[in-house]
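Residue-level structure breakdown
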Amino acid sequence: MAFPQHMNRTEQRIVGALIRKALALGYLVSVYDGEEWALVKADDYEAITAEVAATDETTLRFRLASGE
């Protein structure tokens, strides 16, 4: 996993664990980069973390895959 340089190791572990846990619980993850939704309703950990790494400020939105 490659996160932005400004994130320390603890932050990287926390964000990575949140994403992995959300995916394991059946959530889809959208990544907002401050201008647009770079990734919408994704379930691919590598794609999600790549988008997180591409931005300085990221918003993550978690939605259940079932639509609830």
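Scroll up to find the structure this text is about.
Below is a summary of the structure that appears in this document. As the structure is a prediction and not an experimental result, all values here were calculated from the model. (Residues numbered from 1 in each chain as written. Predicted model: local features only at pLDDT ≥ 70, side-chain atom pairs only at ≥ 80, totals over all residues. Heavy atoms only, no water.)

Quick look at the side chain of serine 30
With respect to the secondary-structure elements, serine 30 resides in strand E1 (residues 27-32). Its relative accessible area of 2% is what places serine 30 among the buried residues. A polar atom in the side chain of serine 30 sits 2.9 Å from the backbone nitrogen of lysine 41. Only 3.4 Å separates the side chain of serine 30 from the side chain of arginine 63, close enough to count as a polar contact. Each residue touching serine 30, except ones within four places of it in the same chain, is listed here: Trp37, Leu39, Val40, Lys41, Thr59, Leu60, Arg61 and Arg63. (Helix = DSSP H or I, 4+ residues; strand = E, 2+ residues; numbered from the N terminus. Buried < 20%, exposed > 50% of the residue type's maximum accessible area, 1.4 Å probe, protein only. Polar contact = N/O pair within 3.5 Å; in protein donor to acceptor, adjacent residues only side chain to side chain. Contact = heavy atoms within 4.5 Å.)

Observations concerning the packing of aromatic side chains
When we look at a pair of aromatic rings, we describe it by the centre distance and by the angle of the planes. Evaluation of the coordinates by the stated rule reveals one aromatic pair. When the centroid spacing of 4.9 Å and the interplanar angle of 55° are considered together, the rings of tyrosine 32 and tryptophan 37 count as tilted. When its relative accessible area of 24% is taken as the criterion, tyrosine 32 is described as partly exposed. In this structure tryptophan 37 comes out as partly exposed when scored by relative accessible area, which is 34%. (Phe/Tyr/Trp six-rings, centres within 6.5 Å; stacked < 30°, edge-to-face > 60°.)

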